[in-house]
Amino acid sequence: SLTAGIVGLPNVGKSTLFNAITKAGAEMANYPFATIDPNVGMVEVPDKRLARIDELIPAKKIIHTTFEFTDIAGIVKGASKGEGLGNKFLENIRQVDAIIHVVRAFADDEITSVTGTVDPLDDIETINLELVLADLDSINKRYERVKKVARTRDKEAVAELEVLDKIKPALEDGQPVRSLEFDEDQAKIVKGLFLLTAKPVLYVANIAEESMADPDSDQYYQVVRDYAQKEGAQALGISAKTEEEIAELDDDDKKDFLAAEGVSESGLDRLIQASYSLLGLATFFTAGGKETRAWTFKRGMKAPQVAGIIHSDFERGFIRAETVSFADLDHYGSMQAVREAGRLRSEGKEYVVQDGDIIEFRFNV
Ligand code: GDP
């Protein structure tokens, strides 16, 4: 499954945030395996649609879909030169599908930041520079070889060289590969290069508790938000310490606490949702049996592939997908009314599943 890796300089609040994730995950009664790998934190994806579906098509229980965060050991300057921990750090990032880049945006005299002051922009650039240098190193290693082969008019090499010629100067200029535009064929080539700066990123400013209700008014968050915007990336303002406290509360206390803070959603919930969309993930539902359940799929997947997420037999013997959108079920209020309105669709092999679809798969065994 796809995972997002939490990355950042020392003392910015990564462990605090990861603890919040692990604590929230520990609440999940259905997932005793959540603690098997200490570097992986599993959380439920909050989704209000589940309760509504269960109200209209009652079942014995509700099962949320889950999402994994990976804690990536601290970066050290010089990582791109492969010094000690550095190499491992880059290897770990290579294995995640998206980067959650945490920067310090809280002032606290007791806690020393690496740079001595609170400077989120400097934090971001320190790490991004290491990632850019590591990518440049991989590109340079390939470049001469590909260029030689391209001289023989080898089609693949010519296409790759074109991509490398676009990436190399950008990296030399300090730009991440994700900020470049590629057509579909080129994007495939880029994917095959496994570059660190090609991964989607979400910048998380670890802000002071007082800024939680309105991150946009926080001077440090503003800097992070504007930087992200220039890169076409997203940013979030979260108070890691407060999230760790919230994660220990039960649902009612959590609601009260958030109301007192003046926010409607916890930062962790926002982080989960933002990471989910960063990875191109979406949710479909099954209902009507013993359980009302949410499942994760990758946007763009067709019905048989999505059926295979539930069980490989469903994919192998796929016949069709009886589908209703959440919006229609919500609007018509019952499956019978949905049917009468002609809103229950029988979808075939080529159907591209949409976020919010409620599906019953028909298959041969
Ligand atoms: P890491 O090295 O990035 O994993 O950072 P830690 O999570 O260990 O945090 C470093 C220090 O900053 C710890 O003493 C935390 O208690 C403290 N800290 C983390 N988040 C916050 C925060 O939001 N506000 C304040 N005041 N302190 C925090």
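Residues numbered from 1 in each chain as written. Predicted model: local features only at pLDDT ≥ 70, side-chain atom pairs only at ≥ 80, totals over all residues.

Visitor: Break down the sheet that holds strand S4 (residues 66-71) for me, citing the residues and quoting the values.
Guide: As a general point, the strands of a sheet are linked pairwise by backbone hydrogen bonds and lie either parallel or antiparallel. In space, the 6 strands of this open sheet follow the order S2-S4-S1-S5-S6-S7, with mixed pairing throughout. The open sheet has two edge strands, strand S2 (40-44) and strand S7 (234-238), and neither has a second partner. The average undirected angle you get between the axes of adjacent strands in this sheet is 25 degrees. Sheet analysis places strand S6 (residues 201-207) next to S7, joined by 5 bridges and oriented parallel. For Asn206, the partnering residue across the bridge sits in S7 and is Ile238. The strands touched by helix H4 (residues 120-150) within the sheet are strand S1 (3-7), strand S5 (98-105) and S6, with S5 carrying the most contacts at an inclination of about 145 degrees. The strands that helix H7 (residues 219-231) touches are S5, S6 and S7; relative to S6, the one it contacts most, it runs at about 175 degrees. (Pairing = 2+ DSSP bridges. Helix = DSSP H or I, 4+ residues; strand = E, 2+ residues; numbered from the N terminus. Axes fitted to C-alpha atoms, helices over the stretch in contact; angles between N-to-C directions. Contact = placed C-beta atoms within 7 Å.)

Visitor: Could you give me a rundown of the site of the ligand, with the residues and numbers involved?
Guide: Close to the ligand lie 15 residues, the nearest being Gly13, Lys14, Ser15, Thr16 and Lys241. Secondary-structure elements contributing two or more residues to the shell around the ligand are helix H1 (14-26) and helix H8 (240-246). With 3 residues, H1 is the single largest residue contributor to the shell around the ligand. Among the residues making up the shell around the ligand, the classes are represented as 5 nonpolar, 7 polar and 3 charged. (Near = placed C-beta within 6 Å. Nonpolar A, V, L, I, M, F, W, Y, C, P; charged D, E, K, R; others polar.)

Visitor: How would you sum up the confidence of the model for the chain? Please name residues and give values.
Guide: Keep in mind that low pLDDT regions are not for reading the predicted coordinates in detail. Of all residues in the chain, 91% attain a pLDDT of 70 or more, and the chain-wide mean is 90. The least confident element of the chain, judged by mean pLDDT, is helix H3 (residues 85-94) at 80; the most confident is helix H13 (residues 326-332) at 98. What the predictor reports for the complex is a pTM of 0.87 with an ipTM of 0.93. (pLDDT = per-residue confidence, 0-100.)

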